[in-house]
Structure formats: C-alpha cells, structure tokens
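One letter stands for each residue in the lines below.
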Amino acid sequence: MKQRPVFAGAIAAVTLFAAPAPAQTVPPPAISVTGEANVSVPPDLALVDGGVTSEAKTAREASDANNTAMGKVLQALKAAGIDQKDVQTSRLSLQPQYAPNRPGPSPVVGYRASNRVTIRVRDVSKVANVIDTLVGAGANEIGGINFMVSQASKLLDEARDKAVADARRKAEIYAKAAGVTLGAPLSISEEGSAPPMPYRKMSAGMVASAPVAQGEETLSVTVSVSWAIKPKE
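Treat the numbers as computed from the prediction; the structure is a model and nothing was measured.

Draft legend 1. Representation of the sheet that holds strand 3 (residues 87–98). If you walk across this open sheet you meet the four strands as 3-4-2-5, and the pairing is antiparallel. In this open sheet, the two strands that pair with only one neighbour each are strand 3 and strand 5 (141–148). Sheet twist, expressed as the average angle between the axes of neighbouring strands with direction ignored, equals 15 degrees. Inspection of the sheet shows strand 3 paired to strand 4 (residues 108–121) by 11 bridges, in the antiparallel sense. Its bridge partner being in strand 4, L92 is matched across the sheet by N115. Relative to strand 5, helix 3 (residues 127–136) is tilted by about 165 degrees, and along the sheet it contacts strand 2 (45–56), strand 4 and strand 5.

Shown next as structure tokens:
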C-alpha cells in the first residue's frame, strides 16, 4: 500500500506561525498636567486633651485618688456647659513605680493612676476657658489642642473645582505652545487631600495664663488630568 504524503499538516503549521501578531493599542495623544488649589479657613472645632495623674503607695489608693480627682474634673466640665457626649475617655492606666538607680530587680515603691479625656469644643473661642476649667478643677495633664474644620468635605469640593480649573489653564498653555487644541479629559485622579490635623502640645504649668491662637487651616487638593489633543482646524 502506497503511503500518502503529509503536506496538509505542514501547510497548516506554516500558516499558523506566519499569522501576524495582534496590533498593540497606541494611546491617544494627550497632555498630562497637575492642578492645585488651596482653601484657607478658620477652624470651627477643637479637641482638647487633658486629665489627672495620681500617685500613692498602693494601687487601690492611687486608683481611688484618681477617681475622686477625675470626678471633680468631669463635674466642672458639666457645670461649664460641656455636653457629656463631647467628653470621651482617651486613656486609663494604672502602673507600678519602681525605685530608681538600684542594682538588680527594683522594688515597687508606689503606683501611678492616670485618666485622660478628650473634650470636643464646638466653639473655638472657648478653648482657653475649657483649659482653665480643667486646671481649676484639678487636672494636672494637658496633652494638647487639635484645631479642626468640621465642614472640610464641602470646602474640599470647592478646592477640587479650582484644582481642575488650574489643570485646564496649564493644559491650554501647553496646547497653544504645541499648536494643538484641547479635547475632552481622558483621566482625572486626585492626590492626597486630607485636611491638616495640627497638634499643639502644652504643659499644665503654662495653660492657665497662656493665650490660645486658633489661626487658620489650609485645605489642599492636587489633581492629575490628561487631556486629549487634536490638530488645530
């Protein structure tokens, strides 16, 4: 029996390897720029951190003394018109205290109890009064003041509009210099735009007489925009 030649498979193989590779997608011509915008506003909210630290020979004595002192602070804040929902415990601790500079294991010589709260002050003009209330009621720790903007999202939206307008202004300058016309935006991405969270540390010894300046907070937005371009008509 005569054997048939195997030409068909060879032709198929040649055809397979000769097929053209799929064309790569070429991105459209574009101009990419960044736009920036800032909005400065006075803060309308403040967080004040403060509390009481007590020391005693035993853990029970330190804890009881601290609870009594902190109770007076909380009562004073309530009497000053601070709503209970605006006072939140931020730290509660009870730690042994060891004898310093002793060779070998140091013996426990006492205990330190601490209770800290964060107070939300909705009228920043009263921050100094709140600090005076804390110190006057027996608080011996003032951790710091954090001024904030409560409506930051609305103000950031205003900054976003300005940032995109700034990006278009820059892109039009480049387009004019290159002899082309701007088309529609191909992509828009926003870089970090979190509002600042300043922390102003103060010591308990200076808060009673130190004035508090709220200043201004600056909210910033940066956007990256790619604009399609086309030849001038």
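Draft legend 2. Representation of helix 3 in the model. Taken together, the buried positions of helix 3 are occupied by V127, V130, I131, T133 and L134. Buried positions in helix 3, seen along its axis, are confined to an arc of 155 degrees and lie on one side of it. Elements in contact with the buried residues of helix 3: strand 2, helix 2 (59–79), strand 4 and strand 5. Immediately beyond the C-terminal end of helix 3, within one or two residues, lies G138, with a positive phi of roughly 115 degrees.

Draft legend 3. How the structure looks around the packing of helix 2 against helix 3. Between helix 2 and helix 3, the shortest axis-to-axis distance is 9 Å and the interhelical angle comes to 145 degrees. Where helix 2 crosses over helix 3, the handedness of that crossing is right-handed. Contacts from V73, A76 and L77 in helix 2 reach V130, T133 and L134 in helix 3. Residue composition of the contact of helix 2 with helix 3, by class: five nonpolar, one polar and no charged.

Draft legend 4. Expanded view of the sheet that holds strand 6 (residues 180–190). The three strands are arranged 1-7-6 in an open sheet whose pairing can be described as antiparallel. Each edge of the sheet is formed by a strand with only one pairing partner; in this case those strands are strand 1 (30–41) and strand 6. Averaged over all neighbouring strand pairs, the angle between strand axes comes to 30 degrees, with direction disregarded. Pairing between strand 6 and strand 7 (residues 217–231): eight bridges, direction antiparallel. Along strand 7, the bridge assignment pairs E190 with V223.

Draft legend 5. Main features of the pattern of salt bridges. One pass over the structure, following the stated rule, counts 11 salt bridges. Between E141 and R116 there is a salt bridge, with the nearest N and O atoms lying 2.7 Å from each other. Linking E141 in strand 5 with R116 in strand 4, this pair joins segments that are 25 residues apart in sequence. With a relative accessible area of 16%, R116 lands in the buried category. Across the salt bridge formed by D157 and R160, the nearest N and O atoms sit 2.7 Å from each other. Placement of the pair is D157 and R160 together in helix 4 (residues 152–178), with a separation of three residues, close to one helical turn. Note on R160: relative accessible area 27%, which makes it partly exposed. By sharing partners, the salt bridges in this structure join D49, R116 and E141 into a single network.

Basis of the calculations
- Residues numbered from 1 in each chain as written.
- Predicted model: local features only at pLDDT ≥ 70, side-chain atom pairs only at ≥ 80, totals over all residues.
- Heavy atoms only, no water.
- Pairing = 2+ DSSP bridges.
- Helix = DSSP H or I, 4+ residues; strand = E, 2+ residues; numbered from the N terminus.
- Axes fitted to C-alpha atoms, helices over the stretch in contact; angles between N-to-C directions.
- Contact = heavy atoms within 4.5 Å.
- Buried < 20%, exposed > 50% of the residue type's maximum accessible area, 1.4 Å probe, protein only.
- Arc of directions from axis to C-beta.
- Left-handed = near helix turned anticlockwise from the far one by under 90°.
- Nonpolar A, V, L, I, M, F, W, Y, C, P; charged D, E, K, R; others polar.
- Salt bridge = Lys/Arg side-chain N within 4 Å of Asp/Glu carboxyl O.

Distances and angles like these do not, on their own, reveal function.
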